[in-house]
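Below, each chain spelled out in residue letters.
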Amino acid sequence: MSKDAILGAIRRGLRRGPLPDDQTLGLRARLAAHPRHLIPARSRVPRPAQLALFVRNVEKEFGTVLRVPDAGAVPAAVALYLIAQNLPQDLIMAPHPELQALPWQDHPLLNVRQGRAQPSDLVSLQHGYAGVAETGTLVLPGGPDRPTTLNLLSETEIVVLRASRVVGPYEDVWDLLRSEIAAPAGGMLPRNVMLVTGPSRSADIESVLELGAHGPRRLHIVLIDDDPAAIG
Amino acid sequence: MLATSPAFKENAAHAMADVGLQKALARTRPQFPAKRAAAVAALPEFEALRDIGRDIKDHTLAHLDFYLETFADNVERAGGTVHWCSDADAARAAVLAICEAAGARTVTKGKSMISEELGINQHLEQHGIVPVETDLGEYILQLRREPPSHIIAPAFHLNREDWEDSFRRSHTDLPPDRVFYERRDILSEARTRLREKFLAADVGITGANFLIAETGSSVIVTNEGNGDLTQTLPRVHIVLASIEKVVPTLEDATSLLRLLARSATGQDFSVYTTFSTGPRRATDVDGPADYHVILLDNGRSAMVGTEFQPMLRCIRCAACMNHCPVYGAVGGHSYGWVYPGPMGAVLTPSLIGVEQAGHLPNASTFCGKCESVCPVKIPLPSLMRHWREREFERHLSPATVRRGLRVWGWFARRPRLYRLVTRLAAATLGSLGRRRGRFASLPLAGSWTEGRDLPAPEGDTFFSRYASEQRAGRI
């Protein structure tokens, strides 16, 4: 069998048989402890600076950010953004409780549908699970309340993110994912975890960067300032 | 993929005379190093991270059997299937069987060098299944029936007129006299065309930048989003990955990801870094129903425990080729197989044999730039030297090279004589060339001086200059 042949060849190369039990236990312990390595100091700053770093990095990668004081201000911010971009007042929204609880009824002209994205959808509204200040990266684990297609099919993706969910390095996100999503699911990660840093792009034509290759051409983040410590 | 590596010299001569390629090389050559340098300068911890990257990979390779089994167990726990494939034939058969079981007619593909190694497109086509490359660069190469010339910028060797020409010839349903005012217009046409393909595909095939043992996840990194559309929309997702792609944990992958994009494109992080774990769950509203991982060996396990093991640390960033003066002169196609540049010069002989690829480790000046930028510190020049030694031991190098080395070796073992001869040669050439300062042609070195002049020695040897500097107290 190929599996045995491959493992056998590796062990011959390493000049040993299957690992003895004590070494296997040691490796299992390393997996369970998943130790962190060196983490760049750039994101280890006070909360207001961390948020500012996140915003700066998103903008450096051609994303846009609008900070709003509370969740109630999100629908108006979304409606205004669509007007400013000359886009229709129509979007497909992640069926996430935090998004469903927003006062959409105050904006009757804004047509908000829920579910996964279809190819005809121009604008999607996604729920941001977390943000990574280190590189301005959004963390978007897939699931029934956060469909992956919302990150891919529309030309414009708007992500609603709470400031309290912006962390410094990626490692902090892994701990959130493990405790909040994987642990209740028997230790399994969601089927899909996308880390998104700016809108889709390609430099394949003459090494010149163009935005909007296959995924969204625009990535807009509405950042809710729900973290008093982060407001500088 | 059929190798033209034995014809490296002819390929290189052809490449040097290719006007379009030289234009593309002149454009690209300075860009990658400058972008990498800027990204590295902005991260003070970069050097320390290189050591960490090397150590993570070395730890994994020392326990590769354990981490592969753990990875496979976790894929299966998440509802996926792992196919262990010893060689390209087994992998092609496994992919075809999955596609046929799914009744697949079209297959979309994310960028994957393993796919090139397997020649999977040709194999699917032979069995009536249509493969569609979706990375923009790979897409045009498929239209032109060309292999990639770079591992992360596969079509960098093409110029704008090539793109327009290929699109006009292939997209025949569009008006032939349409105008591409900007590069964006070319991109938009590809986006529209490929969007239809994404939606119609039955199976999506991607590569993997990393496999994570802890979670059973495959990781892909793209800027376009094509890999994500490929692995999200079709009913079946197939991951092609070689065995050295596995790392233990999310934290280990994270440290390597901090190195990857900076070394590759000079970005801090790629636009899409996606972790896939098994098929869609019962409550998910999108994602594939089946998830398969093809675990390919294809000669890699034979590198474990040899002097070539460090090559298995490679994370395919392309920094080595982006900084290589030889690659910069001849481009990627000259190398004649899947992997070009310094990493290809080491890996290709391991995978297809030094008989086929012996020229590649010789196509280096050993300037050492590749090793100095490698994010996982692979000693590429030393590994190329090992291949040269093997080639010599197996009497594969040409007779003139062997004779020349033998003559040099005879003198080198007699240091007094060696110094005498080199002193005489330096003095003679120095006095002959004093007027012009260089030689346009020299006996026995005709093919060397054909392409450039030999600077005339100043009449002294290094040894005598060193001794006199020392006497003068300057050293």
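As shown above, the structure is provided for reference.
Since this is a predicted model, take the numbers as computed values, not measurements.

Parameters at a glance
Residues numbered from 1 in each chain as written. Chains lettered and ligands numbered in written order. Predicted model: local features only at pLDDT ≥ 70, side-chain atom pairs only at ≥ 80, totals over all residues. Heavy atoms only, no water. Helix = DSSP H or I, 4+ residues; strand = E, 2+ residues; numbered from the N terminus. Buried < 20%, exposed > 50% of the residue type's maximum accessible area, 1.4 Å probe, protein only. Lys, Arg positive; Asp, Glu negative; His and termini not counted. Charge placed at Lys NZ, Arg CZ, Asp CG, Glu CD. Salt bridge = Lys/Arg side-chain N within 4 Å of Asp/Glu carboxyl O. Pairing = 2+ DSSP bridges. Axes fitted to C-alpha atoms, helices over the stretch in contact; angles between N-to-C directions. Patch = residues over 30% accessible without salt bridge, like charges linked within 9 Å, V, L, I, M, F, W, Y side chains within 5 Å. Areas by Shrake-Rupley, 256 points an atom, 1.4 Å probe, with all protein chains shown as cover. Phe/Tyr/Trp six-rings, centres within 6.5 Å; stacked < 30°, edge-to-face > 60°. Contact = heavy atoms within 4.5 Å. Polar contact = N/O pair within 3.5 Å; in protein donor to acceptor, adjacent residues only side chain to side chain. Buried area = accessible area lost by both parts, 1.4 Å probe. Nonpolar A, V, L, I, M, F, W, Y, C, P; charged D, E, K, R; others polar.

Caption draft 1: The overall build of chain B, seen in detail. Across its full length, chain B carries 23 helices and 12 strands. In terms of overall dimensions, chain B has a C-alpha envelope of 80 × 60 × 45 Å along the principal axes. Counting the 475 residues in chain B, one finds 57% classified as buried. Treating the 57 positive side-chain charges of chain B as one cloud and the 54 negative ones as another, the clouds have centres 10 Å apart.

Caption draft 2: The pattern of salt bridges, seen in detail. Under the counting rule described, the total for this entry stands at 54 salt bridges over all chains. In this structure, the salt-bridge partner of E469 of chain B is R474 of chain B, at a minimum N-O distance of 3.1 Å. On the basis of relative accessible area, E469 of chain B is assigned to the partly exposed category, the value being 22%. The structure contains a network of salt bridges with shared partners spanning R36, D172, D175 and R178 of chain A together with E214 and E251 of chain B.

Caption draft 3: Molecular detail of the sheet that holds strand β10 (residues 290-296) of chain B. Residues and elements named next belong to chain B. The six strands are arranged β1-β10-β7-β4-β2-β3 in an open sheet whose pairing can be described as parallel. Unpaired on one side and paired on the other, β1 (81-85) and β3 (130-133) mark the two borders of the sheet. The mean inter-strand angle of the sheet, taken between neighbouring strand axes irrespective of direction, is 20°. Inspection of the sheet shows strand β2 (residues 106-109) paired to strand β4 (residues 203-206) by three bridges, in the parallel sense. Note that in β4 the partner of K109 across the bridge is I205.

Caption draft 4: Just a nonpolar patch on the surface, in detail. Residue and element names in this part refer to chain B. A cluster of nonpolar side chains, namely W410, L417, L420, V421 and L424, defines an oily patch on the protein surface of about 420 Å² accessible area. Sorting elements by how many residues they give to the nonpolar patch places helix α21 (residues 415-432) first, with four residues. Note on placement: V421 falls in helix α21.

Caption draft 5: Quick look at unusual backbone geometry. The backbone phi angle of E206 of chain A is positive, close to 55°, even though this residue is not glycine. Here E206 of chain A shows up in the loop between β10 (201-202) and β11 (210-211). The class for E206 of chain A is buried, based on a relative accessible area of 9%. For F366 of chain B, which is not glycine, the phi dihedral falls at a positive 55°. Within the element layout of this structure, F366 of chain B appears in the loop between α17 (354-357) and α18 (369-373). When its relative accessible area of 28% is taken as the criterion, F366 of chain B is described as partly exposed.

Caption draft 6: Examining the packing of aromatic side chains more closely. Following the criterion strictly, the structure yields 14 aromatic pairs over all chains and no others. Aromatic pair Y170 of chain A and F269 of chain B: ring centres 4.6 Å apart, planes at 20°, arrangement stacked. Within this pair, whereas Y170 of chain A is found in helix α6 (residues 170-182), its partner F269 of chain B is found in the loop between α13 (250-264) and β9 (272-276), the two belonging to separate chains. The burial state of Y170 of chain A is the same as that of F269 of chain B; both residues are buried. Consider the rings of W410 of chain B and F411 of chain B, whose centres lie 5.2 Å apart with planes at 90°: the pair is edge-to-face. Since its relative accessible area comes to 25%, F411 of chain B is described here as partly exposed. Among the aromatic residues, those joined into a ring-pair cluster are F8, F156, Y327 and Y335 of chain B.

Caption draft 7: Here's a closer look at the environment of R67 of chain A. Residues and elements named next belong to chain A. Tracing the backbone shows R67 in strand β1 (residues 64-68). With 158 residues separating them along the chain, R67 and D225 place their C-alpha atoms 6.6 Å apart. Contact partners of R67, with chain neighbours within four places excluded, come to L51, L223, D225 and A230. In this structure the side chain of R67 is engaged in a polar contact, spanning 2.9 Å, whose partner is the side chain of D225.

Caption draft 8: Spatial organisation of the interface of chain A and chain B. If you look at the interface, chain A gives 81 residues, while chain B gives 96 residues. With both chains or domains summed, chain A and chain B bury close to 7700 Å², and 56% of this area falls on carbon and sulfur atoms. Of all residues in chain A, R191, E206 and H214 of chain A give up the largest surface area on contact with chain B, accounting jointly for 13% of the area buried on that side. Taken together, the connections running from chain A to chain B amount to 15 salt bridges. Connecting chain A to chain B are 40 residue pairs in polar contact (both at pLDDT 80 or more). Elements represented by at least two residues in the side of chain A that touches chain B include exactly α1 (2-13), α2 (21-33), α6, β9 (192-196), β10 and β11 of chain A. The element contributing the most residues to the side of chain A that touches chain B is α1 of chain A, with nine residues. In terms of residue class, the side of chain A that touches chain B is made up of 35 nonpolar, 25 polar and 21 charged.

Caption draft 9: Just the sheet that holds strand β7 (residues 156-162) of chain A, in detail. All names here are of chain A. Strand order in the open sheet made by the six strands is β1-β12-β7-β4-β2-β3, with parallel pairing throughout. This sheet does not close on itself; its edge strands, each paired only once, are β1 and β3 (111-114). Going across the sheet, the axis of each strand differs from the next one's by a mean of 25°, ignoring polarity. As defined by bridge partners, strand β2 (residues 90-93) adjoins β3 across four bridges and the pair is classed as parallel. Of the residues in β3, the one forming a bridge with I92 is R113. Contacts from helix α3 (residues 47-60) reach β1, β7 and β12 (218-224) within the one sheet, and its direction differs from that of β1 by about 145°.

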